[in-house]
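Structure at a glance
Now for the letters of each chain:
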Amino acid sequence: MALENIAEALQDPEILAIAPVMPTKLNGPAFQPALGRDPKLKSRPHKKTSSQQKNDENQNLILEKNDRPKALNSFGFTGTSGRSGINRSGINGLYNALYRQGSSTWGVTTIKADKSRYTGEGVSIALLDTGIDQTHEAFKDILLEEIDFTGTGTEDHNGHGTHCAGTIFGKDVNGNRIGIAPGIDRALIGKVIGPKGGDSHMLYHGIEWALNNGAKIIALSLELDFQGFVSKLRKQGYQDNAATTIALDAYRQNLILFDVLMDLIASHREINGGAIIIAAAGNEDLSEGQFLLGNHDLPRAYIAPTLPGIAKDVISVGALQLSTSQNSSKTLSLADFSTSLPDIVAPGSSIISAKLGGGLTKMSGTSMACPHVAGVAALYWEEISKMGLRPGLRCEAVKDKLASTATLQPFADNAQDHSSPTLAPEHLRYGVGLVQAPT
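Residues numbered from 1 in each chain as written. Predicted model: local features only at pLDDT ≥ 70, side-chain atom pairs only at ≥ 80, totals over all residues. Heavy atoms only, no water.

Let us now look at the overall build of the chain. A tally of regular secondary structure across the chain gives 10 helices and 16 strands. A buried classification covers 58% of the 439 residues belonging to the chain. Long-range contacts, defined here as pairs at least 24 residues apart, represent 80% of the contacts in the chain between residues at least 6 apart. Counting only carbon and sulfur atoms, one obtains 50% of the accessible surface of the chain, whose full area is about 18,100 Å². (Helix = DSSP H or I, 4+ residues; strand = E, 2+ residues; numbered from the N terminus. Buried < 20%, exposed > 50% of the residue type's maximum accessible area, 1.4 Å probe, protein only. Contact = heavy atoms within 4.5 Å. Areas by Shrake-Rupley, 256 points an atom, 1.4 Å probe, with all protein chains shown as cover.)

Before going further, it helps to spend a moment on unusual backbone geometry. Pro308 follows Leu307 through a cis peptide bond whose omega is 20 degrees. In this structure, Asn174 takes a positive phi of about 55 degrees despite not being glycine. Inspection of the secondary structure puts Asn174 in the loop between helix 3 (160–169) and strand 6 (186–191). Residue classification places Asn174 among the exposed residues on the basis of a relative accessible area of 70%.

Where helix 5 (residues 226–235) contacts helix 6 (residues 240–267), the axes come no closer than 9 Å and their chain directions differ by 135 degrees. Taken together, the axis directions place helix 5 and helix 6 in an arrangement best described as oblique. Viewed along their axes, helix 5 and helix 6 form a crossing whose handedness is right-handed. Contact residues: Phe226, Phe229, Val230, Leu233 and Arg234 in helix 5; Asp240, Ala243, Thr244, Ile246, Ala247, Leu248, Ala250 and Tyr251 in helix 6. Split by residue class, the contact of helix 5 with helix 6 holds 10 nonpolar, one polar and two charged. (Axes fitted to C-alpha atoms, helices over the stretch in contact; angles between N-to-C directions. Parallel < 35°, antiparallel > 145°, perpendicular 65-115°, else oblique. Left-handed = near helix turned anticlockwise from the far one by under 90°. Nonpolar A, V, L, I, M, F, W, Y, C, P; charged D, E, K, R; others polar.)

Another aspect to go through is helix 9 (residues 391–405). Residue pairs spaced three or four apart in an α-helix point in one direction, given the helix's 3.6 residues per turn. Here helix 9 is 15 residues long and its end C-alpha atoms lie 22 Å apart, about the 21 Å a rise of 1.5 Å per residue gives. Listing the buried residues of helix 9 in full gives Gly392, Cys395, Ala397, Val398, Lys399, Leu402 and Ala403. (Expected span 1.5 Å × (residues − 1).)

Before going further, it helps to examine the sheet that holds strand 10 (residues 222–224). With antiparallel pairing, the four strands of this open sheet are ordered in space as 7-8-2-10. The outermost strands of the open sheet, each flanked by one partner alone, are strand 7 (193–194) and strand 10. Both strand 2 (residues 23–26) and strand 10 contribute to a ladder of three bridges, which runs antiparallel. Bridge assignment links Leu26 to a residue of strand 10, and that residue is Leu222. (Pairing = 2+ DSSP bridges.)

Applying the stated rule across the entire model yields five aromatic pairs. Geometrically, the ring pair formed by Phe149 and Trp209 is edge-to-face, given 6.2 Å between the ring centres and 70 degrees between the ring planes. In this pair, Phe149 sits in the loop between strand 5 (143–148) and helix 3 while Trp209 sits in helix 4 (residues 200–212), placing the two residues 60 residues apart along the sequence. Per residue, the accessibility class of Phe149 equals that of Trp209, and both read buried. (Phe/Tyr/Trp six-rings, centres within 6.5 Å; stacked < 30°, edge-to-face > 60°.)

Once that is clear, we can look at the packing of helix 3 against helix 8 (residues 366–385). Relative orientation of the contacting elements helix 3 and helix 8 amounts to 35 degrees, with a least axis distance of 8 Å. Two packed elements cross with a definite hand, and for helix 3 against helix 8 that hand is right-handed. Mapping the contact onto sequence places His160, His163, Cys164, Thr167 and Ile168 in helix 3 and Ser367, Met368, Pro371, His372, Ala374 and Gly375 in helix 8. Of the residues contributing to the contact of helix 3 with helix 8, the split by class is five nonpolar, six polar and no charged.

With five of five residues buried, strand 4 (residues 125–129) is to be regarded as a mostly interior element. The two faces of strand 4 match: Ile125, Leu127 and Asp129 on one face and Ala126 and Leu128 on the other face are all buried. The pairing of strand 4 with strand 9 (residues 217–220) spans four bridges and is parallel. Paired with Leu127 across the strands is Ala219, a residue of strand 9.

A few words now on the confidence of the model for the chain. Chain-level pLDDT for the chain is 77 on average; 70% of the residues reach the 70-or-more range. Taken as a whole, residues 30–102 scores under 50 in pLDDT and shows 210 contacts with residues more than four places along the chain or in a different chain. Ignoring residues within four places in sequence, the model shows residues 415–423, a span with pLDDT below 50, making 13 contacts including any to other chains. (pLDDT = per-residue confidence, 0-100.)

As a further point, take the pairing of strand 16 (residues 360–363). Residues Thr361 and Met363 line the buried face of strand 16, whereas the alternating positions Leu360 and Lys362 sit on a face that is not buried. With four bridges joining them, strand 15 (residues 351–354) and strand 16 adopt antiparallel strand pairing. Looking at strand 16, one finds that Ser353 is bridged to Thr361. Where strand 15 folds back onto strand 16 in an antiparallel hairpin, the turn is made up of five residues, including Gly357, whose phi is positive at roughly 90 degrees.

The next subject is the side chain of Ser221. You can see Ser221 is positioned in the loop between strand 9 and strand 10. The exposure class assigned to Ser221 is buried, which follows from its relative accessible area of 0%. In this structure the side chain of Ser221 is engaged in a polar contact, spanning 2.8 Å, whose partner is the backbone oxygen of Ser367. Once residues lying within four places of it in the same chain are set aside, the contact partners of Ser221 are Leu26, Asn27, Leu128, Asp129, His160, Cys164, Ala280, Ser367, Cys370 and Pro371. (Polar contact = N/O pair within 3.5 Å; in protein donor to acceptor, adjacent residues only side chain to side chain.)

A separate point is the pattern of salt bridges. Here the structure, examined in full by the defined rule, presents eight salt bridges. Of the charged contacts, one joins Glu145 and Arg186 as a salt bridge, the two residues approaching to 2.8 Å between their closest N and O atoms. One end of the pair, Glu145, is in strand 5; the other, Arg186, is in strand 6, with 41 residues separating them in the sequence. Assessed through its relative accessible area of 24%, Glu145 is described here as partly exposed. Taking the shortest distance from any N to any O, the salt bridge between Lys401 and Glu383 comes out at 3.9 Å. Taken together, the positions of Lys401 in helix 9 and Glu383 in helix 8 put the pair 18 residues apart, joining distant regions of the chain. For Glu383, a relative accessible area of 14% corresponds to the buried category. (Salt bridge = Lys/Arg side-chain N within 4 Å of Asp/Glu carboxyl O.)

As a rule of thumb, nonpolar side chains are buried together in soluble globular proteins. By size, the foremost hydrophobic cluster in this structure holds 66 residues, and its most contacted members are Phe139, Phe169, Ile217 and Ile278. When residues in this core are grouped by element, the largest group, 12 residues, is from helix 8. Leaving out residues up to four positions away in the same chain, Phe169 has contacts with Ile125, Ile132, Ala138, Phe139, Ile142, Leu144, Ala181, Pro182, Ile184, Ala187 and Ile189. With 42 residues, the next largest nonpolar core counts Leu128, Leu224, Leu257 and Leu261 among its residues. (Core = buried A, V, L, I, M, F, W, Y, C linked by side-chain atoms within 4.5 Å.)

Right, here's the structure in full:
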């Protein structure tokens, strides 16, 4: 849409929101471009979509009343990011996440997925990412419904989507359990980031596609690339201040558009039970580099989740790392790279999962933490579905389960550390706490 038509469009009562198209990116440390594609894996035909066409530099994405998704969700899980406070009542559960090597990854055991009676059976889940290696042994006997929104084919070019998928629903590989919900037998795989990145236009259409095809859980291990958009504007000739201002306004408009989308989803939850959107909080934390010109008296800077994690009713997921203390005991703490103020946290450092071309590999990032929570949400969805709760209440019930069973116990000692001034209580770094699978 031409810029001169935007003001006129906003006067149309049928248009609920409008926002400039922004680039998207994978969450920092998790992106490993060195991962190669097995030359034996051939491209597969992909479904053509209008989003494959090259976007105009000034294109805007408009959300209209008559273009609302058909399968919609309500999500009251409101986070610690400052936009709305989560209700922490009912938090319980004791920490029993002992690190061990063996048949399950440390992420699987830490959140007790290996002890759960549920597997995600019957739950449809969507992953909007870089695609998937459908020939990988971890995805045997799983119906993978793939679509490309990037114009580069459905195959995964770097392994990020394949790794995330393995953590959510991957089958055992060589006797090693990598999947949180290995009983899932149908997954919607939307490729919204290609070899040259993606954009918000692809993301929004991917979410709509997932909703329209019955996804109950939608996992987003990506973020809108504010800094990348600033850089792009600079290359177009804008001065630094102008580029930053334009990008900030575009970010704000996309946040509004995403909030409107979530409201539309919530308004239709009675139709089919709704869906839950879970997003990586982002790898933007400054806890290790918060000092300016050597001034160690500055308060620690806590960074809120990035978009879409910060949007209304989206669960943002921070990443945990496993470390060894001086007494040789295993301890959990927020990963050095992880955003500090997520809704909930999960293992995200040195996560072993499916590797592009076969086998297993390690990746780190909030991108790796997000699939853990998505998998646990699928386990709770299965549990709730078997309780006979009417469809319109299932989404809220799953959210309540995620929040009420999460635990802050592993971080009790960390929360007592007040050796340096802070801008927020220490426990807020972990949201409602470590996600826990149903037993």
